[in-house]
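Structural features, examined
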Amino acid sequence: MSEESKARLSEMRKGELNPNFGKSASAETRTRMSIARKGKKMPSSRRSAHTRYHSNKDVFKDTCAYCVEDRQNT
Ligand SMILES: [Zn+2]
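Because the structure is a prediction, the values reported are computed rather than measured.

Under the defined criterion, the tally for this structure stands at zero aromatic pairs. Just above the ring of F60 sits the side chain of R71; from NZ or CZ to the centre is 4.0 Å.

Here we take up the coordination of the zinc ion. Within the first shell, the zinc ion binds the protein through H50 (ND1), H54 (ND1), C64 (SG) and C67 (SG), at distances of 1.9 to 2.4 Å. Every donor counted, the four donor atoms about the zinc ion form angles of 101 to 113 degrees at the centre, which fits tetrahedral coordination. Spacing between the donor residues of the zinc ion along the chain follows H-x3-H-x9-C-x2-C. A residue pair is termed long-range when its members are at least 10 positions apart, and H50 in helix α3 (residues 44–53) and C67 in helix α4 (residues 65–73) qualify at 17 residues. C67 sits in the buried class, given a relative accessible area of 4%.

On to the pattern of salt bridges. Two side chains that carry opposite charge are able to pair once their charged atoms sit near each other. Taken as a whole and assessed by the stated rule, the structure comprises three salt bridges. It is possible to trace a salt-bridge network through shared partners that takes in R47, E69 and D70.

With respect to the helices and strands, the residue H54 is situated in the loop between α3 and α4. With relative accessibility at 12%, the residue H54 sits in the buried group. The contacts of H54, once residues within four sequence positions are left out, are A49, V59, K61, C64 and C67.

Rules and cut-offs
Residues numbered from 1 in each chain as written. Predicted model: local features only at pLDDT ≥ 70, side-chain atom pairs only at ≥ 80, totals over all residues. Heavy atoms only, no water. Phe/Tyr/Trp six-rings, centres within 6.5 Å; stacked < 30°, edge-to-face > 60°. Lys NZ or Arg CZ within 6 Å of the ring centre and 35° of its normal. Donors = N, O, S within 2.8 Å, 3.2 Å for Na, K, Ca; no water. Tetrahedral: all angles 85-135°; square planar, octahedral: opposite > 155°, others 65-115°. Helix = DSSP H or I, 4+ residues; strand = E, 2+ residues; numbered from the N terminus. Buried < 20%, exposed > 50% of the residue type's maximum accessible area, 1.4 Å probe, protein only. Salt bridge = Lys/Arg side-chain N within 4 Å of Asp/Glu carboxyl O. Contact = heavy atoms within 4.5 Å.

Next up, the structure:
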């Protein structure tokens, strides 16, 4: 394919011809993404910190979800 036709195809996909042109994520989409994110587990680093500072030192903190979780599981 020539450079010229590649450039022409690329132009065709730009601007108002793009289906998503001028649109930002709708409120509905943003809400859905927000819910999806909230359902995810906490970063593993939080658990690493719990293991290091709580489990390994026999410390229990009511404010730490992992401490509470571990106590329930044992
Ligand atoms: Zn903990």
